[in-house]
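Given next are the chains, with one letter for each unit.
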Amino acid sequence: MALLDSIKVYWTAFQYENWLLNIAATDRGLCFLSLPNESFEKMIHWLDLHIPNAILEENGEKMKLYTNQFKHYFQGNRFEFTLPLDLRGTPFQLSVWHAMLQIAHGQTQSYSELASLIRNPRAVRAVGAAIGANPVLIAVPCHRVIGKNGALTGYRGGMEAKRKLLLLEGHA
């Protein structure tokens, strides 16, 4: 591919307590946020699949918009993200991810409620798969999706991380 076809992807590592998160963004917005303590190679693998012509540049200064918002969120001082997003997925995944953006801080929705919200109430399992493919955890709040009975259910970041994020947002 010609250099003109390349996309610059900036990244930085962000530390919150014992979590190390890798954050990546294009000039359009945040495109990837790793799971807590997920390897750098996982981010590279995701980029290879979704932005194969990426030119990766570590740039903490360029990423300050993102790290500042995550820092304030983790400190309990930010209740919504106002950062630009560069989401890359199928049309169905994008519809699920955009629906999750409507779940307010401190609120939760079930998988079936989310399926109804995207006007596809029978697609509960597909909604779950789309949630599992969310590349921008926390900012696209898949941790706010719970089981129909109110139980915590699967989270790609692990149940302890989901529990911690929901506690941070005021859930008992």
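Residues numbered from 1 in each chain as written. Predicted model: local features only at pLDDT ≥ 70, side-chain atom pairs only at ≥ 80, totals over all residues. Heavy atoms only, no water.

1. Comments concerning the pattern of salt bridges
- Counted according to the given criterion, the structure contains seven salt bridges.
- In this structure, Lys8 and Glu57 form a salt bridge, with 2.7 Å as the shortest nitrogen-oxygen distance. Here Glu57 lies in strand S4 (residues 54-58) and Lys8 lies in strand S1 (residues 7-16), a separation of 49 residues in the sequence.
- Given the relative accessible area of 32%, Lys8 is considered partly exposed.
- Arg28 is the salt-bridge partner of Asp86, the closest N and O atoms lying 3.3 Å from each other. (Salt bridge = Lys/Arg side-chain N within 4 Å of Asp/Glu carboxyl O. Helix = DSSP H or I, 4+ residues; strand = E, 2+ residues; numbered from the N terminus. Buried < 20%, exposed > 50% of the residue type's maximum accessible area, 1.4 Å probe, protein only.)

2. Re the packing of helix H3 (residues 91-100) against helix H5 (residues 124-132)
- Where H3 contacts H5, the two axes come as close as 9 Å, and the packing angle between them is 80 degrees. Judged on the interaxial angle alone, H5 and H3 are roughly perpendicular. Every residue of H5 that contacts H3 at Phe92, Gln93, Val96, Trp97 and Met100 is listed here: Ala126, Val127, Ala130 and Ile131. (Axes fitted to C-alpha atoms, helices over the stretch in contact; angles between N-to-C directions. Parallel < 35°, antiparallel > 145°, perpendicular 65-115°, else oblique. Contact = heavy atoms within 4.5 Å.)

3. Thoughts on the nonpolar core
- Of all hydrophobic cores here, the largest spans 40 residues; its most connected members are Phe70, Phe74, Val96, Met100, Leu114, Ile131 and Ile138.
- Elements represented by at least two residues in this core include exactly S1, strand S2 (19-25), strand S3 (30-33), helix H2 (64-74), H3, helix H4 (111-117), H5 and helix H6 (159-168).
- The next biggest cluster of nonpolar side chains, apart from the first, holds nine residues, and it includes Val9, Ala24, Phe32 and Met43. (Core = buried A, V, L, I, M, F, W, Y, C linked by side-chain atoms within 4.5 Å.)

4. With respect to unusual backbone geometry
- Non-glycine residue Arg119 carries a positive phi angle of around 60 degrees.
- By secondary structure assignment, the location of Arg119 is in the loop between H4 and H5.
- Residue classification places Arg119 among the exposed positions, given a relative accessible area of 78%.
- Of note, Ile138 is a non-glycine position whose phi angle comes to about 70 degrees, a positive value.
- Looking at the element boundaries, Ile138 is found in the loop between H5 and strand S6 (145-146).

5. Here we look at the packing of aromatic side chains
- In this structure the tally under the stated criterion is nine aromatic pairs.
- Ring centres of Phe70 and Phe81 lie 5.1 Å apart, and the angle between their planes is 50 degrees; on these two criteria the pair is classed as tilted. Separated by 11 residues along the polypeptide, Phe70 in helix H2 and Phe81 in the loop between H2 and H3 bring together distant segments of the chain. Note on accessibility: Phe70 and Phe81 belong to one class, buried.
- With centroids separated by 5.3 Å and ring planes inclined at 70 degrees, the aromatic side chains of Tyr73 and Phe74 adopt a geometry described as edge-to-face.
- Every member of this aromatic cluster is reached through a ring pair, and the members are Phe14, Tyr16, Trp19, Phe70, Tyr73, Phe74 and Phe81. (Phe/Tyr/Trp six-rings, centres within 6.5 Å; stacked < 30°, edge-to-face > 60°.)

6. What to know about the sheet that holds S4
- One open sheet holds the four strands; their spatial order is S3-S2-S1-S4, and the pairing between them is mixed. Looking along the sheet, the strands with just one partner apiece sit at the ends: S3 and S4. If you compare each strand with its neighbour and ignore which way they point, the axes differ by 25 degrees on average.
- The sheet contact formed by S1 and S2 spans seven bridges and is antiparallel. Across the sheet, Tyr10 pairs through a bridge with Ala25, a residue of S2.
- Set on the sheet, helix H1 (residues 40-50) makes contact with S1, S2, S3 and S4; between it and S3 the angle comes to about 140 degrees. (Pairing = 2+ DSSP bridges.)

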